[in-house]
Amino acid sequence: VQVLESGGGLVQTGHALKLTCKVSGASVSIYSIGWFRQAPGAEREFVAVSSRSGLEDDYADSVKGRFTIARDNAKNTVTLQMNSLKFEDTAVYYCAVRLFAPVRDHTRYDIWGQGTQVTVSS
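Scoring rules and cut-offs
- Residue indices follow the written sequence of each chain, beginning from 1 at its first position.
- At least 70 in pLDDT is required for a residue's local features to be given in this predicted model, at least 80 for side-chain atom pairs to be given and counted, and no such filter applies to totals for whole chains, interfaces and linings, which use all residues.
- For the side-chain quantities, the full set of heavy atoms in the structure was used; hydrogens and water were omitted.
- The criterion is simple. A nonpolar core is a set of buried Ala, Val, Leu, Ile, Met, Phe, Trp, Tyr and Cys residues joined through side-chain atoms within 4.5 Å.
- For the exposure calls, accessible area comes from a 1.4 Å probe over protein chains only, and a residue counts as buried if that area is under 20% of its type's maximum, exposed if over 50%, partly exposed in between.
- Helix and strand assignments come from DSSP, with helices taken as H or I runs of at least 4 residues and strands as E runs of at least 2, each series counted from the N terminus.
- Note on contacts: a residue pair is in contact if any heavy atoms of the two residues lie within 4.5 Å.
- Strand pairing is assigned whenever DSSP identifies at least 2 bridges connecting the two strands.
- Residues adjacent in sequence count toward polar contacts only when both atoms are side-chain atoms; beyond that, a polar contact is any pair of N or O atoms within 3.5 Å, and within protein one must be able to donate a hydrogen and the other to accept it.

## Observations concerning the nonpolar core
Formed by 33 residues in total, the largest nonpolar core has its most connected members in Ile33, Trp35, Leu80, Met82 and Tyr93. For this core, the secondary structure elements donating two or more residues are β3 (17-24), β4 (32-38), β5 (45-50), β7 (67-72), β8 (77-82), β9 (91-98) and β11 (116-121). Examining the composition of this core, we find that 5 residues originate from one element, β9, more than from any other. For Met82, the contacting residues outside a window of four places in its chain are His15, Ala16, Leu17, Leu19, Arg66, Phe67, Tyr93 and Val118.

## Here's the deal with the pairing of β7
Here is the key point about a regular strand: its side chains alternate between the two faces of the sheet. Pairing of β7 with β8, which is carried by 6 bridges, proceeds in the antiparallel orientation. By the bridge assignment for β8, Thr68 is matched with Gln81. What sits between β7 and β8 in their antiparallel hairpin is a turn of 4 residues, with Asn76 showing a positive phi close to 60°.

## Regarding unusual backbone geometry
Notably, Asn76 is not glycine yet its phi reads approximately 60°, a positive angle. The topology assignment puts Asn76 in the loop between β7 and β8. One non-glycine residue, Ser84, lies in the positive phi region at around 50°. Structurally, Ser84 can be placed in the loop between β8 and β9.

## Brief notes about the side chain of Ser32
Examined against the element boundaries, Ser32 turns out to sit in strand β4. A polar side-chain atom of Ser32 sits 2.7 Å from the main-chain carbonyl oxygen of Phe100. Residues contacting Ser32, with those up to four places away along its chain left out, are Val49, Ser50, Ser51, Arg52, Arg71, Ala96, Val97, Arg98, Phe100, Ala101, Pro102 and Tyr109.

## As for the pairing of β5
Of all the 6 residues making up β5, 5 are buried; the element is thus mostly covered by neighbouring parts of the structure. Across 5 bridges, the pairing between β4 and β5 is antiparallel. Of the residues in β5, the one forming a bridge with Phe36 is Phe46. Between the antiparallel neighbours β4 and β5 lie 6 residues, among them Gly41 with a positive phi of about 80°. Bridge count for β5 against strand β6 (residues 58-59) is 2 bridges, and the pairing is antiparallel. Looking across to β6, one finds that Val49 is bridged to Asp58.

Here is the structure:
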């Protein structure tokens, strides 16, 4: 199973970006899919997670109301729509999968992508 993120880039404060996590080698429907981010010198932090049922989706307080996670089982993708971006959203964004219930702890995810850089300029 492989995970590949795309969609990062450089945007101005207040603008939007949409990240895509593509899973290959297995159906995305069996996984909880999480988005995490890591800024330079900082710990990796939870952003959002898509549950298999869609009923347990979860967001970090810092992005709630601005970011939306969505799953497309037919395309085997999970997207992260990021609106009203702030300078502090600047980080490398990672997608990760796990077979069990959605959690915020990044150490409990099994397979990771390489990450995509998001830079928000003020």
